[in-house]
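Analysis of the macromolecular model
Listed below are the residues making up each chain.
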Amino acid sequence: MDIQQVKLRFGIIGSAPGLLRALDIAVQVAPTDMSVLITGESGVGKEVFPQVIHQNSVRKHGAYFAVNCGAIPEGTVDSELFGHEKGSFTGAYDARKGYFEVADGGTLFLDEVAELPLFTQVRLLRVLETGEFLRVGSAKTQKTNVRVIAATNINLPQAIQNGKFREDLYYRLNTVPISVPPLRDRKDDIALLFRKFAADFAEKYKMPAVQLAPEARAVLESYPWPGNIRQLKNITEQISIIESERLVDANTLQLYLPEASLLPVVYRDAKSPASGASTADFSSEREILYKFLFDVKNDVNELKKLVNALMQGEPRRVGMPPVDTSYSDIPFTAPPASIIIPQHDVKKASSNNNSSDDGVLDTSALDDESLSINEKEIELMSKALEKHHGKRKFAARELGISERTLYRKIKDYGLMCALAITMTLASCTVKYSFSGASISPESKTFSVQFFPNMAPLVNPVLSSTFTEALKMKFLTGTRLSETDDVGDLAFEGEITGYAVTPQAITAGEVAAQNRLTISVHVKFTNAQDPAQSFDKSFSQYEDYDSQRNLSDVEGELVDAIVKKLIEDIFNAAVANW
């Protein structure tokens, strides 16, 4: 199969030299059993190349499994990949096959392979070298014949230097490297991809396809696309839905292109003699934090000197000194052009005999106003949250900081209670209801831990879907606030059952429908009222036509079943509120 046929079969668009080179390597290596390592930035389409290799190999009639290693909890990753025996750990109610066992004779695609823990990397190296592995909790060696294709968007040589990835595993996976170029290196393909996405969305939403004016195309091709093809597709969909004009000009397109910026970093010139250290001095987050704290301390000392100067004599107008914020994401709001100390306040302070021997007045005399930077930050954040009814997005915009920074400061200063109170006061007479359960407007915090898969042959994405759906149910249905730590309410559990059973209409007949049943075991903890905590199982099912393959309907069935399970758990948790 030539390159053009591969592009047509797998819907690959573009003719950039880097893309064609990557496809050519994939086609050439496909008939072999060599391990392949696919590298490239997030969003460039690395997941297509394992399918190209599998479908052009002698294993094309065997199983093909794609596993996102970054989506599997660290505690269950060995069980997912290699399987486990019954009773090998808490919740292992039955023996379970892992991906290396069920993919025997086929291809296993390990996406985000750099996210694997080091101890799992050792086991992976062994199965790549010898084809042998052990189930968790078993001493019996098993054999498998699986072709492994791995992908990552991380610089693996750098990860090896940092001790995050094994060097021997890198060389074993990197037998044949394939590098997928970023979208900014495929400028001639950008307009083609935009046209393809525009046509797809036009068909999906029953509307004419958007087109680019010549100047808009130039803007599109000059943009660096940090999110690559995924970002281009999202922007095309936004324009297709929002814009009424089907011809998009440059000004309109600019509204949808965010500024491509990097995350903030601490920079120090290694060649500068004044620096006294190389850039390696800031290789860890801890040292960056130390530098930030030292700068804050210097700012506080400068502020103390200013206060002492203001308190020495007659009232006067004094300009505020500049504050260095080069290492801080906390915005500095400039005070008024001058600070006026009223005459009567100075006399009152002088009469308290609290001055030191050097003539500097003790700052404890001014007890009517706090000069703590932390207290001022808390005050400003509280006012912003109250103004915007607890919505962090708008409060962060008001403060001039990112929403993530605001959330971090809320946690650091212990403002979760203040945020909850603000949200409560915003609508203190409102009652919330969900499926008949009345929710008090008193805000609480909650956490949802990951739900690992303990049922055999369960798609690993299901546990993530279940957890995210449970979070969204609370966030959209109540006044609860999410927390990374254990909150007032906490959910944890596991997916214990995932089974398909035939449903015959009458005895002896061929089943007209099949039934997919999913069971979960949930532990709910109410820190405010332990009596309402519970530890129970929930189960729901959906039927589908037995003539259809499960893989064709599995997505919609899982969504429907997860929705039912969430409602059951939700109502059980809040029924007594």
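My aim in this report is to walk through the structure given alongside it, one point at a time. Keep in mind the model is a prediction, meaning the values are calculated, not measured. (Residues numbered from 1 in each chain as written. Predicted model: local features only at pLDDT ≥ 70, side-chain atom pairs only at ≥ 80, totals over all residues. Heavy atoms only, no water.)

1. As for the overall build of the protein
Scanning the protein for helices and strands turns up 20 helices and 16 strands. When the 577 residues of the protein are sorted by exposure, 40% land in the buried category. Put simply, 67% of the contacts in the protein that link residues at least 6 apart link residues at least 24 apart. Only carbon and sulfur atoms are counted for the fraction: they give 52% of the accessible area of the protein, which is about 31,700 Å². (Helix = DSSP H or I, 4+ residues; strand = E, 2+ residues; numbered from the N terminus. Buried < 20%, exposed > 50% of the residue type's maximum accessible area, 1.4 Å probe, protein only. Contact = heavy atoms within 4.5 Å. Areas by Shrake-Rupley, 256 points an atom, 1.4 Å probe, with all protein chains shown as cover.)

2. A few points about the pattern of salt bridges
The final tally for this structure, using the stated rule, is 15 salt bridges. A salt bridge links arginine 126 to glutamate 132; the shortest N-O distance between them is 3.5 Å. By relative accessible area, which is 25% here, glutamate 132 ends up partly exposed. Between aspartate 543 and arginine 515 there is a salt bridge, with the nearest N and O atoms lying 2.8 Å from each other. Taken together, the positions of aspartate 543 in strand 16 (residues 534-545) and arginine 515 in strand 15 (residues 513-526) put the pair 28 residues apart, joining distant regions of the chain. In this structure, a network of salt bridges that share partners links the residues Glu85, Glu101 and Arg135. (Salt bridge = Lys/Arg side-chain N within 4 Å of Asp/Glu carboxyl O.)

3. Let's talk about the packing of aromatic side chains
Counted by the stated rule, this structure contains 10 aromatic pairs. With a centroid separation of 5.4 Å and an interplanar angle of 5°, the aromatic rings of phenylalanine 82 and phenylalanine 100 are classed as stacked. Here phenylalanine 82, found in helix 4 (residues 77-82), pairs with phenylalanine 100, found in helix 5 (residues 99-102); they are 18 residues apart in sequence, far enough to count as distant. A relative accessible area of 0% means that phenylalanine 82 is categorised as buried. (Phe/Tyr/Trp six-rings, centres within 6.5 Å; stacked < 30°, edge-to-face > 60°.)

4. Brief notes about helix 10 (residues 214-222)
Where helix 10 is concerned, the buried positions are Ala216, Val219, Leu220 and Glu221. On its buried side, helix 10 packs onto helix 9 (187-205), strand 8 (211-212), helix 11 (228-242), strand 9 (247-248) and helix 12 (250-254).

5. Section: the nonpolar core
Of all hydrophobic cores here, the largest spans 33 residues; its most connected members are Leu462, Phe466, Phe491, Tyr498, Ile518, Val520 and Val522. Residue contributions to this core peak at 11 residues, all from helix 20 (residues 550-574). Residues in contact with phenylalanine 491, not counting those within four places in the same chain, are Ser447, Val448, Gln449, Leu470, Phe474, Val522, Lys523, Phe524, Ile569 and Ala573. Counting 30 residues, the second-largest nonpolar core is a separate cluster that includes Leu110, Ala159, Ile160 and Tyr170. (Core = buried A, V, L, I, M, F, W, Y, C linked by side-chain atoms within 4.5 Å.)

6. Considering the environment of arginine 246
Structurally, arginine 246 is set in the loop between helix 11 and strand 9. C-alpha of arginine 246 to C-alpha of glutamine 211: the two residues are 35 residues apart in sequence and 6.0 Å apart in space. The contact partners of arginine 246, leaving out residues within four places of it in the chain, are Met207, Pro208, Ala209, Val210, Gln211, Ile239 and Ser240. At a separation of 3.1 Å, a polar atom in the side chain of arginine 246 contacts the main-chain carbonyl oxygen of serine 240. A distance of 2.4 Å separates a polar atom in the side chain of arginine 246 from the backbone oxygen of glutamate 243. (Polar contact = N/O pair within 3.5 Å; in protein donor to acceptor, adjacent residues only side chain to side chain.)

7. So, the side chain of aspartate 111
For aspartate 111, the position within the fold is in strand 3 (residues 107-111). Despite its burial, aspartate 111 pairs with no opposite charge, the nearest such side chain being lysine 46 at 5.6 Å. Once you skip the residues sitting within four places of it in the chain, aspartate 111 turns out to touch Val67, Asn68, Cys69, Gly70 and Ala151. (Lys, Arg positive; Asp, Glu negative; His and termini not counted.)

8. Topic: the pairing of strand 15
Bridging between strand 14 (residues 489-503) and strand 15 involves 14 bridges; their strand directions are antiparallel. From the neighbouring strand, threonine 501 faces strand 15, where its bridge partner is arginine 515. Pairing of strand 15 with strand 16, which is carried by 12 bridges, proceeds in the antiparallel orientation. Paired with leucine 516 across the two strands is glutamate 542, which belongs to strand 16. (Pairing = 2+ DSSP bridges.)

9. What to know about the sheet that holds strand 12 (residues 445-448)
Overall, mixed pairing links the five strands, which are arranged 13-12-14-15-16 in an open sheet. The open sheet has two edge strands with one neighbour each: strand 13 (481-482) and strand 16. Contacting strand 14, strand 15 and strand 16, helix 20 runs over the sheet at an angle of about 150° to strand 16. (Axes fitted to C-alpha atoms, helices over the stretch in contact; angles between N-to-C directions.)

10. Observations regarding unusual backbone geometry
One non-glycine residue, lysine 206, lies in positive phi territory at about 55°. You can see lysine 206 is positioned in the loop between helix 9 and strand 8. The backbone of asparagine 228 shows a phi angle near 60°, a positive value even though the residue is not glycine. Mapped onto the elements of the fold, asparagine 228 is located in helix 11.

11. Observations regarding the sheet that holds strand 7 (residues 176-179)
The strand order across the open sheet built from five strands is 2-3-6-1-7, with neighbouring strands paired in parallel fashion. Looking at which strands have only one partner, the edges of the open sheet turn out to be strand 2 (64-68) and strand 7. Going from strand to strand, the sheet's axes swing by 20° on average, the running direction of each strand aside. In the sheet, strand 1 (residues 36-39) pairs with strand 7 via four bridges, with the strands oriented parallel. Residue pairing in the sheet places leucine 37 in a bridge with proline 177 of strand 7.

12. Observations concerning the packing of helix 15 (residues 373-387) against helix 16 (residues 392-399)
For any two helices packed against each other, one specifies the inter-axial angle together with the distance between the axes. At a closest axis distance of 8 Å, the pairing of helix 15 and helix 16 adopts a crossing angle of 130°. When the interaxial angle is binned, helix 15 and helix 16 end up oblique. Between helix 15 and helix 16 lies a crossing whose hand is right-handed. Of the residues in helix 16, those in contact with Leu380, Met381, Ala384, Leu385 and Lys387 of helix 15 are Arg392, Ala395, Glu398 and Leu399. Along the lines of polarity and charge, the residues of the contact of helix 15 with helix 16 split into six nonpolar, no polar and three charged. (Parallel < 35°, antiparallel > 145°, perpendicular 65-115°, else oblique. Left-handed = near helix turned anticlockwise from the far one by under 90°. Nonpolar A, V, L, I, M, F, W, Y, C, P; charged D, E, K, R; others polar.)

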